[in-house]
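Residue-level listing of the chains:
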Amino acid sequence: MTANVLFAGRPDGWPVYEPLLKTELARLGVDADLRTEFAPEEVDYIVYAPSGPVSDFTPFSRLKAVLSMWAGVEKIVPVVPAAVPLTRMVDSGLERGMTEWVVGHTLRYHLGMDVHILGQNGHWKPKAPPLAKDRSVTVLGLGALGTASAKALAALGFQVSGWSRSQKDIAGIACYSGAEGLKTALAQAEIVILLLPDTPATENTLNAETMALLPKGARIINPGRGPLIDDAALLAALDSGQVGHATLDVFRVEPLPPEHPYWAHPNVTVTPHIASETRESTAAEVIAENIRRAEAGETLLHLVDRSLGY
Ligand code: NAP
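Quantities reported herein were computed from a predicted structural model and do not represent experimental measurements. (Residues numbered from 1 in each chain as written. Predicted model: local features only at pLDDT ≥ 70, side-chain atom pairs only at ≥ 80, totals over all residues. Heavy atoms only, no water.)

Draft legend 1. Representation of helix α4 (residues 144–155) in the model. Taking 1.5 Å as the rise per residue, α4 with 12 residues should run 16 Å; its terminal C-alpha atoms sit 17 Å apart, in good agreement. Where α4 is concerned, the buried positions are Leu-145, Gly-146, Thr-147, Ala-148, Ser-149, Ala-150 and Leu-153. The inward-facing, buried residues of α4 abut α2 (92–110), β6 (136–140), β7 (159–164), β8 (173–177) and β9 (191–194). (Helix = DSSP H or I, 4+ residues; strand = E, 2+ residues; numbered from the N terminus. Expected span 1.5 Å × (residues − 1). Buried < 20%, exposed > 50% of the residue type's maximum accessible area, 1.4 Å probe, protein only. Contact = heavy atoms within 4.5 Å.)

Below is the structure:
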């Protein structure tokens, strides 16, 4: 039987995704009808983004799965009925983009680029940066994006540690879990990178107490989600010098309101949620493979654990 697939991503994504998804579904031998409009009761799969047209899932009475085009699913988990399998986006292109962004911003701090390129002001202070092997970096979150970023940093020679909910064993990375593990991971972090999901359990992971554990002057890079950081505590830590600088790509409110103190703070770099994004060609492969799996009665890839929220 033909599987009816509703594309409910951003409307401007349709001209790009339509040929890619059709090609992939055909390549995998899936008999599918892919459209941007169906009667809700005829839809089997929804390829979904919160920026798309669907917000109410109740009329979709025969849904077999919702396939998120986003990696972060905090907006999606509450709206997709619990009985409907929900997958999140794990895409090699998204992973590659995040790795490049994280490495770039880590190297900015490591090499002191602001001082040596932007802020010389006529001063001649010859002091070479240390080697990466003498710099410790901690990645909070060792999932698809955190692990890829941590491995790339380790490959450059950084001393990399990481922290996750479940204990990991990754070659070249000192892995920690649990509350005590977070303390150990932060105590050695000259640069901290946040790649945790936004869930009730991760809110304010960096707060006054945990930021006090960092070596003085530590740098923070947040491409994860805004609520991972207690903003008032970060501003206080920046003002006291406990945190030397923060590069923030994500915020509790986006776009970041013009009056927000982050914009004007001399030790904050704001980037507009551009660390990485789903790349259409590789994402289409993952979406089509999951439809094939569902039609074949196989377990879907990258299922969201609804009780954990990611
Ligand atoms: P993922 O594969 O689900 O990995 C999440 C990691 O966080 C896992 O290692 C998980 O531990 C850990 N974690 C979750 N809850 C935790 C807790 N309470 N305590 C400690 N560790 C916890 O997610 P991902 O694909 O790497 O993506 C990470 C996040 O990046 C997304 O959720 C999204 O918010 C963000 N993102 C941002 C952009 C951007 O452009 N800025 C782009 C894409 C994604 P376990 O391994 O034990 O499960």
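Draft legend 2. Region of the structure containing the sheet that holds strand β3 (residues 45–48). Pairing in this open sheet of 5 strands is parallel, and the strands run β2-β1-β3-β4-β5 from one edge to the other. With partners counted over all chains shown, the strands left at the sheet margins are β2 (32–35) and β5 (86–87), one partner each. Alignment of strand β1 (residues 3–8) against β3, held across 4 bridges, turns out to be parallel. The residue of β3 that forms the bridge with Ala-8 is Tyr-48. (Pairing = 2+ DSSP bridges.)

Draft legend 3. Representation of the environment of Val-43. Mapped onto the secondary structure, Val-43 falls in the loop between β2 and β3. If we skip the residues at most four places from it in the chain, Val-43 touches Asn-4, Leu-6, Phe-38, Phe-60, Arg-62 and Leu-63.

Draft legend 4. Representation of the sheet that holds β7 in the model. Read from one edge of the open sheet, 7 strands run β8-β7-β6-β9-β10-β11-β12, paired in parallel fashion. Two strands in the sheet have a free side with no partner beyond their single neighbour: β8 and β12 (268–270). Neighbour-to-neighbour, the strand axes of the sheet open up by a mean angle of 15°, direction not taken into account. Taken together, the 3 bridges between strand β11 (residues 243–248) and β12 define a ladder with parallel strand orientation. Within β12, the position partnered with Ala-246 by the bridge is Val-268. Contacts from α2 reach β6, β9, β10 (218–222), β11 and β12, with the element oriented near 155° to β11. Strands in contact with helix α7 (residues 231–240) are β10, β11 and β12; relative to β11, the strand with the most contacts, it is inclined by about 135°. (Axes fitted to C-alpha atoms, helices over the stretch in contact; angles between N-to-C directions.)

Draft legend 5. Highlighting the site of the ligand. Close contacts around the ligand come from 30 residues, with Arg-88, Leu-145, Ser-166, Lys-168 and Tyr-310 the closest. A distance of 2.9 Å separates a nitrogen atom of the ligand from a polar atom in the backbone of Arg-165. A distance of 2.5 Å is found between an oxygen atom of the ligand and a side-chain nitrogen or oxygen belonging to Tyr-310. Contact with the protein chains hides 92% of the accessible area of the ligand, taken as 940 Å² for the molecule alone. Residue assignment for the shell around the ligand shows that the elements contributing at least two residues are α2, α4 and β7. With 3 residues, α4 is the single largest residue contributor to the shell around the ligand. No fewer than three residues from each of domain 1 (3–91 + 278–296) and domain 2 (93–270) sit in the shell around the ligand. (Near = heavy atom within 4 Å. Polar contact = N/O pair within 3.5 Å; in protein donor to acceptor, adjacent residues only side chain to side chain. Areas by Shrake-Rupley, 256 points an atom, 1.4 Å probe, with all protein chains shown as cover. Domains from an automatic or database assignment.)

Draft legend 6. Structural context of the packing of α2 against α4. Running from amino to carboxyl end, α2 crosses α4 at an angle of 50°, the nearest separation of the two axes being 9 Å. With respect to α4, the axis of α2 lies oblique. The handedness of the crossing between α2 and α4 comes out as right-handed. Here α2 contributes Leu-94, Glu-95, Met-98, Thr-99, Val-102, Val-103 and Thr-106 to the contact with α4, which in turn contributes Ala-144, Leu-145, Ala-148, Ser-149, Ala-152 and Leu-153. Taken together, the residues of the contact of α2 with α4 sort by class into 9 nonpolar, 3 polar and 1 charged. (Parallel < 35°, antiparallel > 145°, perpendicular 65-115°, else oblique. Left-handed = near helix turned anticlockwise from the far one by under 90°. Nonpolar A, V, L, I, M, F, W, Y, C, P; charged D, E, K, R; others polar.)

Draft legend 7. Summary view of the environment of Gly-162. The residue Gly-162 is located in strand β7 in this model. Classification of Gly-162 by relative accessible area gives buried; the value is 0%. Between the alpha carbons of Gly-162 and His-265 there is a distance of 28 Å; along the sequence they are 103 residues apart. Setting aside its immediate chain neighbours within four residues, Gly-162 contacts Val-139, Leu-142, Ile-173, Ala-174, Cys-175 and Tyr-176.

Draft legend 8. Broad picture of the pairing of β6. Of all 5 residues in β6, 5 are buried, a share of seventy percent or more. Side chains Ser-136, Thr-138 and Leu-140 of β6 all project onto a buried face; the interleaved residues Val-137 and Val-139 project onto the opposite face, where all are buried too. With 5 bridges joining them, β6 and β7 adopt parallel strand pairing. Residue pairing in the sheet places Thr-138 in a bridge with Ser-161 of β7. Following the backbone out of β6, through α4 and into the adjacent parallel β7, one traces a crossover that is right-handed. Here β6 pairs with β9 via 4 bridges, running parallel. (Right-handed = clockwise from strand over helix to strand, strands pointing away.)

Draft legend 9. Representation of α7 in the model. Taken together, the buried positions of α7 are occupied by Asp-231, Ala-233, Leu-234, Leu-235, Ala-237 and Leu-238. In this structure, the buried residues of α7 make contact with α6 (208–211), β10, β11, α8 (261–264) and β12. Measuring from the backbone nitrogen of Ala-232 back to the side-chain oxygen at the start of α7 gives 3.2 Å, which picks out Asp-230 as the cap. Positive phi shows up at Gly-241, right after α7, with a value of about 90°.

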